[in-house]
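Breakdown of the fold
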Amino acid sequence: MNFLAHLYLSQNNTNIMIGNFIADHVRGNHFGHYPKEIQLGIILHREIDTFTDTHEIVRKSKRRLHERYRHYDGVIIDIFYDYFLAKNWANYSAIPLSIYANDINQLFEKKSSELPVKSQNFIKYMIDYNILYNYQFKEGIQKVLNGMNHRTKGKSQMNLALEDLNSLEKELEEDFTLFFKDLILFAKEKLNHLLHQ
């Protein structure tokens, strides 16, 4: 899953959100210096990634893109799933996405200096382009895909993936909706277990 989903699955716990957000920028087990709940957020992020990567519905989504994108199919699905979450945000949260994204931006702007350098760089990009809010628009998704394609020096061809979203939107949205029900339940149980172990 991508950033919006990871933040949403943190149950509005600020430190869990921070850990969940920085997890991809933390190597191995080198996070013992963070407060306990931030450590749990990192662990939760990794549990969510494992659950997602091994889920049959996600594998089905990836197969829809595999021929064109090969091992980049999972990265694209992560982005598409955040698009579906943002687009259908009102089904999952009583807080409007504009307010939620603004609150997240303010939180990370305030905490940025305490976080890994890679996280700091992403926070600046996230805020400058209001990424979390703009995930709901295809223009926003195209910007993210262009950025990812640039990072792979054009090898991934991810800049073309909006064509696939347009042609497969109905099927992929059905995949997401079914999968996200399972993921919400999994993340809630996992977080509850981590907080009370």
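So, here's what we can say about the structure.

About the criteria used
Residues numbered from 1 in each chain as written. Predicted model: local features only at pLDDT ≥ 70, side-chain atom pairs only at ≥ 80, totals over all residues. Heavy atoms only, no water. Helix = DSSP H or I, 4+ residues; strand = E, 2+ residues; numbered from the N terminus. Rg over C-alpha atoms; globule rule 2.2 N^0.38 Å. Buried < 20%, exposed > 50% of the residue type's maximum accessible area, 1.4 Å probe, protein only. Contact = heavy atoms within 4.5 Å. Lys, Arg positive; Asp, Glu negative; His and termini not counted. Charge placed at Lys NZ, Arg CZ, Asp CG, Glu CD. Expected span 1.5 Å × (residues − 1). Bend = angle between axes of the 7 residues up to and from the residue. Phe/Tyr/Trp six-rings, centres within 6.5 Å; stacked < 30°, edge-to-face > 60°. Core = buried A, V, L, I, M, F, W, Y, C linked by side-chain atoms within 4.5 Å.

A count of helices and strands for the chain gives 10 helices and 0 strands. Its helices and strands in sequence order give the chain the pattern α-α-α-α-α-α-α-α-α-α, from N to C terminus. Computed over the C-alpha atoms, the radius of gyration of the chain is 16 Å, within 12% of the 16 Å expected from 2.2 N^0.38 for a compact globule of 197 residues. If you line up the chain on its principal axes, its C-alpha atoms span 45 × 35 × 30 Å. Buried positions account for 50% of the 197 residues belonging to the chain. In the chain, of all internal contacts separated by at least 6 residues, the share reaching a separation of at least 24 is 67%. Averaged over its 24 positive side-chain charges, the chain has a centre that lies 4 Å from the centre of its 24 negative ones.

The phi torsion at Gln11 lies on the positive side, around 60 degrees, for a residue other than glycine. Inspection of the secondary structure puts Gln11 in the loop between helix 1 (3–8) and helix 2 (14–22). Residue class for Gln11 comes out partly exposed when judged on its relative accessible area of 39%. Phi is positive for Asn12, close to 60 degrees, though the residue is something other than glycine. Note on placement: Asn12 falls in the loop between helix 1 and helix 2. Its relative accessible area of 55% is what places Asn12 among the exposed residues.

Glancing now at helix 10 (residues 161–196). With 36 residues, helix 10 should reach 52 Å at 1.5 Å per residue; the first-to-last C-alpha distance of 41 Å falls well below that figure. Helix geometry: helix 10 is bent most strongly at Leu168, by close to 80 degrees.

Applying the stated criterion across every chain yields a total of 20 aromatic pairs. A ring pair is formed by Tyr92 and Phe176, whose centres lie 6.2 Å apart and whose planes are at 75 degrees; its orientation type is edge-to-face. With Tyr92 in the loop between helix 5 (73–87) and helix 6 (97–111) and Phe176 in helix 10, this residue pair connects regions lying 84 residues apart in the sequence. Residue classification places Phe176 among the buried residues on the basis of a relative accessible area of 0%. For the ring pair Phe176 and Phe180, a centre distance of 5.0 Å and an interplane angle of 25 degrees mean the geometry is stacked. Taken as a pair, Phe176 and Phe180 lie in helix 10 at a separation of 4 residues, close to a single helical turn. Residue Phe176 shares its accessibility class with Phe180, and that shared class is buried.

Below, the discussion takes up the nonpolar core. Counting 66 residues, the largest nonpolar core has Phe80 and Phe108 as its most contacted members. Here this core takes 14 residues from helix 10, the largest share from any one element. With residues up to four places along the chain from it excluded, the contact list for Phe108 reads Leu7, Met17, Ile18, Phe21, Leu115, Ile123 and Met126.

Any functional reading would require information beyond the geometric quantities listed.
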